[in-house]
Amino acid sequence: MSFTFERIEGLAPDQASLAAARKLLKPSYWPTLAEGEGLAWGECQGSGATPYRVAINEADAGYKCTCPSRKFPCKHALALMWMRADRSAAFSAATVPDWVKDWLSRRRGTSNSASKTDDEATPKTKPSIRLTEMPEAGTDADPKAEQRAAAARERNRLEREAAVLEGLEDLDTWLSDQVQHGMANFVAQTAQVCRTIAQRLVDAKASGLAGRLDALPTRLFTLPGPVRPSAAIRELGQVHLISQAYRRTSELPELLAADARQAVGWSVTREALLNDSEAMRVNAQWRVFAVLSEAQPDRLRRVETWLWRQSGADGMPQCAVLIDFVPISTGAAVGGYLVGDQIEAELSFYRSTIPLRAQIKTLKRGAEQTSEPLTLPDERLSSSYAKYEHALAQLPWLGTIPLSFRAASVRRNGEQFYLYDDESGLSLPMHTSQANHASPLASLDRIDGIGLWNGYEFTLAWAETQLGRWIRS
Amino acid sequence: MNLTTLHAKVLPSLLGGTSRHPMPGEVIHSSSPSSDGTLEMLSVMGQALRFERPSKPESFIVEPEIKDGRKIIADGLRRPLIRLLTSKNATEHPARALARAFDRLRLRPHPFDLPLIDAFVRSNAEKLGPIAQHWADRQKPEAETQSYFDPELLDESNWMQAALSQRVAYLETRRRDDANAARALVESTWAQEEADARFRLLQVFQTGLSMSDQQFLSTLEKDRAPRVRALAARFLSRLGAGIENPALGACLERIKHSQSGLLRKRTSLQIELPANVKDQAASRWIFQTFADVSFGELAGAFKVTEKELIEAAAKDEPLLLALTLVATNERRLDLLELVVAKLPNAWERIFEAGLDTLGAMTGSERRRWEEIVVHPYRKDAPTTYSLWDWLHRITDAEAPASVMEIALHAKMLTKVPEHERGSGPWVEMMAAICPASQRPELREQLNQFEQSQSVNPLALLDILDGMENDRTHV
């Protein structure tokens, strides 16, 4: 991938950062500028005595700077990208220095040979994912110390299991209260009551359920008023299902049990996933069709990068989502990829009945913008929706899922826009935030595309039309 | 248990609360002895709702089909255009230049970009084509929206349905071709027009004004809008058919008439400002006082020709300013040129006076007007931003080549004080007014600036070049 101004603009946290980066484009600010193995790095003279060290990875627009700025990317990283984009400065060919290698080794899905440590070249064989849910311990040569650490981990795990089960008992009581008072009443005071139980579940170390309930008020209030009570039934019904499934994981199929544990809050670390030899891996060309960014109540921004598989065999997941969490205070609103980017990568999927979330195991070719269309299947919205229903039957608390379609149209009823399949009559209400942006599509006869369905609203992400490509912004 | 049962027996209990609406015992299925089964029913009902397909609305709105003969801007220009128009630092100059280019080249923004450049579209809708106009009016009640016409498709049957500026432009053309037919068109819709529309349509009568307009103009003496009455009176006065213009009396009261010369007596005219008008307010007072008089009326009042009137005012700068404003109002560029020859700083004086529109002047008239007021500064063009900014706003046209040459040859951008140059408006304005032929030279000058200052103007020049090339290659 080579940097372009569009990409740099997309990555910049704000216009001020771009303006500040512009001022650093003079080579005199950069005593060192070098490149090698798909990386570029340099030292930028700031106000202090020691220059800041800046490195960028051209494969996936990764960056690192030693400056204390709380903006990501900072102006130094943007300036370095910019100099690569407009080739305004000379970069000397050099061996990748240790500080760049060190940074690279801590990044996800890197493709550069410089980053490959001996450990990665020969992947460790790790036990199955259930056993790697706990944080990994450091390598310790002392077998007794290792035994003590293992015992401590097991003790912690059992304590947490007990705490979670206690929390679920409280959750049952809370749910019963809500059912007694009725959903109309629940909707009226949802923020207050959800906050209380979410805090209790955090204490019980069931962070997944806590987060789901903490986000519920916001989710309900994005929906039209009359729909909210029935939406509350759906949401609380799922919470109860997760709680019940968690208590009976031994009776469930392995993947559904993994889904239940993840939904409750047992996370699998990235390292554990990448080292899990049994995790599903798919090696293919992937196209970024949507990048969603959402601020969470915990002051983190959740950045979802949705990928569409452009090559490879049937039977493998057609879509994947990479999820990153960045502090809201950094101002960064996007990951390293932009909509339209194409990468070639091996993805490792988290265990799930409906595998969607993944991590990049190996990036074989970095992101490149291409004008090629998505290789969408030849199926209408109704077929795609039927697949969603099938997936919902397999995973009852299924969240957002991509739906592709051909020959649909955007139609309007009052202020509400719909994605409409005239053959089946299926009409999915579009996300209200898209009303403005998607309205030019309403004058077109048919569109092919893909979007994200969350059970309530459809977020159109990408459409191929007679007027060219439409992309969600 | 089927879906109907769930909806009939379980849903009401869940919505209203089981304490008030207990679930019927026969529908409850508990998964364990310790549970009363209500939570299980919550999950079952929740899943049942999740499997319900979204209901289809009874009907969809039929979107209007709008014909737009303009070509959509080239794909490669879309992103730079959006970036420039949404840049926080950009001034209004690039938007103005781009809107003109869209209009002149008969291009239109890509429909998908309209939401992204919404502010630009709403400010310049009439220059961007019917689809953009429809977009800009989308939130207006249907009764307030116009029909959307390509100006080239306007004719006598539909001209009254188009936007006002398009109607004015259409009428202007008709007045040149057939003044009587144009008047008949105006008469046919006059009663339904609003005051602003009446005034702007009446302004067009300046083109091809003749005695055959007298009857219609006479009917306007009782118009509800004072400015329409005043304009009609002025036209009638020019035709020699109206009562004396009251504004003329107010002007004449302030003009001192004298004779000078020993052998050959020459008329000499001079404005005497009211005592309560301070020097700095003089220009504005002149602008307001002379707004409703015509050159012919003034010349007639002193029994001299129009050219003799200019000669008579030659030694009085305030009166020359007044004549400059009157000539501008009347689109009498021939007379304006004669006045400006005696008032070389007319540009600054008109600016001080607060002139804010060139009325119904056509594009070529505006450029000629600009040449006339700027040319006297050939050797020493002002470097005051507000003057150039006003010139760009009032003409809403790219500068004539001869004016741009003055700016470029004077290397004005480098002369501008650093604090003004750094703020961006200067360089963006120069790029916005620069004609295509002089863009290479301007680029050279812009390249000497820091990138942070030149990025927007250079982007504007690139986009304008791209739009012109795109149009050329159709």
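Calculation rules
Residues numbered from 1 in each chain as written. Chains lettered and ligands numbered in written order. Predicted model: local features only at pLDDT ≥ 70, side-chain atom pairs only at ≥ 80, totals over all residues. Helix = DSSP H or I, 4+ residues; strand = E, 2+ residues; numbered from the N terminus. Rg over C-alpha atoms; globule rule 2.2 N^0.38 Å. Buried ≥ 20, exposed ≤ 12 C-beta atoms within 10 Å, placed from the backbone. Contact = placed C-beta atoms within 7 Å. Nonpolar A, V, L, I, M, F, W, Y, C, P; charged D, E, K, R; others polar. Domains from an automatic or database assignment. Arc of directions from axis to C-beta. Axes fitted to C-alpha atoms, helices over the stretch in contact; angles between N-to-C directions. Parallel < 35°, antiparallel > 145°, perpendicular 65-115°, else oblique. Pairing = 2+ DSSP bridges. Left-handed = near helix turned anticlockwise from the far one by under 90°.

A. Highlighting the overall build of chain B. Each helix and strand in chain B was counted, giving 26 helices and 4 strands. Computed over the C-alpha atoms, the radius of gyration of chain B is 32 Å, more than 25% above the 23 Å expected from 2.2 N^0.38 for a compact globule of 474 residues. Counting only C-alpha atoms, chain B reaches 130 × 60 × 50 Å along its principal axes. When burial is assessed residue by residue, chain B has 37% of its 474 residues classed as buried. If you take every contact in chain B between residues at least 6 apart in sequence, the share linking residues at least 24 apart comes to 66%.

B. Inspection of the interface of chain B and chain A at higher detail. Taken together, the 37 residues of chain B in the interface contact 48 residues of chain A. At the level of secondary structure, the elements contributing two or more residues to the side of chain B that touches chain A comprise helix H1 (3–16), helix H2 (38–51), helix H3 (75–86) and helix H26 (451–472) of chain B. It is H2 of chain B that provides the largest number of residues to the side of chain B that touches chain A, a total of 10 residues. When the residues that make up the side of chain B that touches chain A are grouped by side-chain class, the tally is 17 nonpolar, 12 polar and 8 charged.

C. Highlighting the domain arrangement of chain A. All names here are of chain A. As assigned here, chain A comprises domain 1 (5–121), domain 2 (143–264), domain 3 (279–369) and domain 4 (381–471). Taken together, the 9 residues of domain 3 in the interface contact 10 residues of domain 4. Of all the secondary structure elements, the ones that give two or more residues to the side of domain 3 that touches domain 4 are strand S6 (281–295) and strand S7 (300–309). Looking at the side of domain 3 that touches domain 4, its residues break down into 7 nonpolar, 2 polar and no charged.

D. Focus on helix H20 (residues 385–395) of chain B. All names here are of chain B. Residues of H20 that are buried: Trp388, Leu391, His392 and Thr395. Projected onto a plane normal to the axis of H20, the buried residues spread over an arc of 95° and lie on a single side. On its buried face, H20 is in contact with helix H4 (92–105), helix H19 (363–374) and helix H24 (425–433). Just past H20, the residue Asp396 takes up positive phi, approximately 45°.

E. The packing of helix H9 (residues 207–221) of chain A against helix H10 (residues 228–247) of chain A, seen in detail. Residue and element names in this part refer to chain A. One way to put it is that H9 packs onto H10 with a least axis distance of 11 Å and a crossing angle of 175°. On the basis of their axis angle, the class for H9 and H10 is roughly antiparallel. Across from Leu209, Arg212, Leu213, Leu216 and Leu220 in H9, the residues of H10 making contact are Arg228, Ala231, Ala232, Glu235, Val239 and Ile242. Tallied by class, residues from the contact of H9 with H10 come to 8 nonpolar, no polar and 3 charged.

F. Representation of the sheet that holds strand S16 (residues 468–471) of chain A within the structure. Residue and element names in this part refer to chain A. Spatially, S13-S12-S11-S14-S15-S16 is the arrangement adopted by the 6 strands of the open sheet, whose pairing is antiparallel. On the outer flanks of this sheet lie strand S13 (427–429) and S16, each paired with one strand and no other. Averaged over all pairs of adjacent strands, the angle between strand axes in this sheet comes to 40°, irrespective of strand direction. With 6 bridges connecting them, strand S11 (residues 401–413) and strand S14 (residues 447–453) associate as antiparallel partners. Looking across to S14, one finds that Pro402 is bridged to Leu452. Packed on one face of the sheet, helix H13 (residues 381–394) meets S11, strand S12 (416–420) and S14 and runs near 125° to S11.

G. Focus on the environment of Met429 of chain B. Residues and elements named next belong to chain B. Structurally, Met429 can be placed in helix H24. For Met429, a count of 25 C-beta atoms within 10 Å corresponds to the buried category. Met429 sits 44 residues away from Tyr385 along the chain, and the two C-alpha atoms are 9.1 Å apart. Aside from chain neighbours lying at most four places away, what touches Met429 is His93, Trp388, Asp389 and His392.

H. Representation of the sheet that holds S6 of chain A. All names here are of chain A. The strand order across the open sheet formed by 5 strands is S8-S7-S6-S9-S10, and the pairing between neighbours is antiparallel. The outermost strands of the open sheet, each flanked by one partner alone, are strand S8 (319–327) and strand S10 (358–369). Along the sheet, successive strands turn relative to each other by an average axial angle of 35°, direction set aside. Across 8 bridges, strand S9 (residues 341–349) lies against S10 in antiparallel orientation. Within S10, the position partnered with Ser348 by the bridge is Gln359.

I. Spotlight on the pairing of strand S4 (residues 62–65) of chain A. Residues and elements named next belong to chain A. With burial as the criterion, each face of S4 is covered, one bearing Gly62 and Lys64 and the other bearing Tyr63 and Cys65. As paired elements, strand S3 (residues 52–57) and S4 share 4 bridges and run antiparallel to each other. Bridge pairing in S4 places Val54 opposite Cys65.

J. Region of interest: the packing of H10 of chain A against H2 of chain B. Between H10 of chain A and H2 of chain B, the shortest axis-to-axis distance is 7 Å and the interhelical angle comes to 120°. Here H10 of chain A lies oblique to H2 of chain B, going by the angle between them. For the element pair H10 of chain A and H2 of chain B, the recorded crossing hand is left-handed. The segment H10 of chain A lies against H2 of chain B, with Ser230, Ile233, Arg234, Leu236, Gly237, Gln238, His240 and Leu241 of chain A engaging Leu39, Leu42, Ser43, Met45, Gly46, Gln47, Leu49 and Arg50 of chain B. When its residues are assigned to classes, the contact of H10 of chain A with H2 of chain B shows 7 nonpolar, 7 polar and 2 charged.

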